[in-house]
Amino acid sequence: MGCWRGPSTVLACLLLLRPLPSPACPAACRCFSGEVDCSERALREVPQNLSANTSTLWLGYNFITVLGPHSFPPLPRLLLLSLPQNRLGLIHSQALVGLGALQELDLSNNYLTMLAPKTFLPLTSLATLNLGSNRLGELEPGVLHALPQLQALLLQDNPWVCSCGILPLWRWLSHNREKVREKSLLLCRVPEQLNNYPIMAFRNESFRQCQETSLSAQHHVAFLIIGPFSFMASIFFCTFMGSIIVIYNNLRKESHFWRRPRICRGH
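Note that the structure is predicted; figures quoted are calculated from it, not measured.

1. A word on the pattern of salt bridges
No. 1: Applying the stated rule across the entire model yields 1 salt bridge.
No. 2: In this structure, Arg-30 engages Asp-37 in a salt bridge whose closest nitrogen and oxygen atoms are separated by 2.9 Å.
No. 3: By relative accessible area, Arg-30 is classed as partly exposed at 45%.

Dropping the structure here:
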């Protein structure tokens, strides 16, 4: 046919028949049909040359310690992210931006001690979250309130501090019992007298002595205004009362002097 008219034409035909290149796959990983397996590769950070078509990303059993604000490239089709058995101790509040389609996130068996309220804010589709076997003592209420589609939550094997600070978490758990997995393993670690006590066994009476002292921004502004004003007023009042006392004492001394009887000498 027309493809055999000359060398240049033949070359053009060969280029047209060449298969399209496969999406990028990190050198340390194995890739197949949108699934990227980077498990057990001694990685210290998330690979950057990931395809935007990635739907599943396995990163377990590595040495990743931090998820920074640019740890992940935009992955709009990512549905599952697995990061268990790393050394993860910090997740930046912007670390998961660009993963809005994510439905399942496994962060179990890491070193997490706290999570910022905005950590999971980009994950509006997240249905399953595994935070088991970390070092969490408390959990900010905003962390879970940012997940409107959450259906399954795992929090077992964390050193929960069962003081007044755990009240917000207990309230969320009480109103979402059907979403909590492994309830029997959700136990207090501190204080000692409550060690291994089930968090789900608490009742409203257990927190009777806990008083919420959260103040709105208006309250803080009011205190900032009233505080200095009351301080100045107290100084003025003390100065005024001190002056009154001094004047009173002076008047009293003068009155006593004029009333003293005088001795008249004879001529």
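Moving on, there is more to tell.
2. Remarks on unusual backbone geometry
No. 1: Residue Pro-191 is bonded to the preceding Val-190 through a cis peptide linkage, with omega at 0 degrees.
No. 2: Structurally, Pro-191 can be placed in the loop between strand 12 (188-190) and helix 4 (217-259).
No. 3: Despite not being glycine, Ala-42 has its phi angle at roughly 55 degrees, a positive value.
No. 4: Considering the arrangement of structural elements, one finds Ala-42 in the loop between strand 2 (35-37) and strand 3 (56-58).
No. 5: Ala-42 sits in the partly exposed class, given a relative accessible area of 48%.
No. 6: Residue Glu-182 is not a glycine yet carries a positive backbone phi of 55 degrees.
No. 7: Within the fold, Glu-182 resides in the loop between strand 11 (180-181) and strand 12.
No. 8: Judged by relative accessible area, which is 43%, Glu-182 ranks as partly exposed.

3. Brief notes about empty space enclosed by the protein
Any empty space left between the atoms is revealed when a probe the size of a water molecule rolls over them.
No. 1: Following the criterion strictly, the structure yields 1 cavity of 30 Å³ or more and no others.
No. 2: As a volume, the largest cavity reaches approximately 40 Å³.
No. 3: Residue assignment for the lining of the largest cavity shows that the elements contributing at least two residues are helix 2 (141-145) and helix 3 (167-175).
No. 4: Its residues assigned to classes, the lining of the largest cavity comprises 6 nonpolar, 1 polar and 1 charged.

4. Topic: the state of the cysteines
No. 1: For the coordinates displayed, the defined rule picks out 4 disulfides.
No. 2: Across a sulfur-sulfur distance of 2.0 Å, Cys-29 and Cys-38 are joined as a disulfide pair. In this structure the cystine formed by Cys-29 and Cys-38 twists about its S-S bond by roughly 105 degrees; its chirality is therefore right-handed.
No. 3: Among the residues examined, Cys-29 registers a relative accessible area of 10% and is labelled buried.
No. 4: Judged by relative accessible area, which is 0%, Cys-38 ranks as buried.
No. 5: Here Cys-164 connects covalently by a disulfide to Cys-210, the sulfurs 2.0 Å from one another. Classification of the bridge connecting Cys-164 and Cys-210 rests on its S-S torsion, roughly -80 degrees, and on that basis the disulfide is left-handed. In this pair, Cys-164 is assigned in the loop between strand 10 (160-161) and helix 3 and Cys-210 in the loop between strand 12 and helix 4, connecting sequence segments 46 residues apart.

5. Considerations on the packing of aromatic side chains
No. 1: On inspection of all chains with the given rule, the structure shows 3 aromatic pairs.
No. 2: Judged by centre distance (5.0 Å) and plane angle (40 degrees), the ring pair of Trp-170 and Phe-207 falls under tilted. One end of the pair, Trp-170, is in helix 3; the other, Phe-207, is in the loop between strand 12 and helix 4, and 37 residues separate them in sequence.
No. 3: Across from the ring centre of Tyr-111, 4.2 Å away, lies the NZ or CZ of Arg-135, which sits over that ring.

6. Observations regarding the nonpolar core
No. 1: One finds Phe-72, Leu-81, Leu-105, Phe-120 and Ile-199 to be the most contacted residues of the largest nonpolar core, which totals 54 residues.
No. 2: Among the secondary structure elements, those contributing two or more residues to this core are helix 2 and helix 3.
No. 3: Ranked by the residues each element gives to this core, the list is headed by helix 3, at 5 residues.
No. 4: If sequence neighbours within four positions are ignored, Phe-72 has contacts with Val-46, Gln-48, Leu-57, Leu-59, Leu-67, Leu-81, Leu-83, Ala-95, Leu-96 and Leu-99.

Scoring rules and cut-offs
- Residues numbered from 1 in each chain as written.
- Predicted model: local features only at pLDDT ≥ 70, side-chain atom pairs only at ≥ 80, totals over all residues.
- Heavy atoms only, no water.
- Salt bridge = Lys/Arg side-chain N within 4 Å of Asp/Glu carboxyl O.
- Buried < 20%, exposed > 50% of the residue type's maximum accessible area, 1.4 Å probe, protein only.
- Helix = DSSP H or I, 4+ residues; strand = E, 2+ residues; numbered from the N terminus.
- 1 Å grid on protein atoms, 1.4 Å probe; cavity = no way out; pocket = protein on both sides within 12 Å on 5 of 7 lines; lining within 4 Å.
- Points joined across faces, edges and corners; volume = space filled by probe spheres on them.
- Nonpolar A, V, L, I, M, F, W, Y, C, P; charged D, E, K, R; others polar.
- Disulfide = S-S within 2.5 Å.
- Phe/Tyr/Trp six-rings, centres within 6.5 Å; stacked < 30°, edge-to-face > 60°.
- Lys NZ or Arg CZ within 6 Å of the ring centre and 35° of its normal.
- Core = buried A, V, L, I, M, F, W, Y, C linked by side-chain atoms within 4.5 Å.
- Contact = heavy atoms within 4.5 Å.

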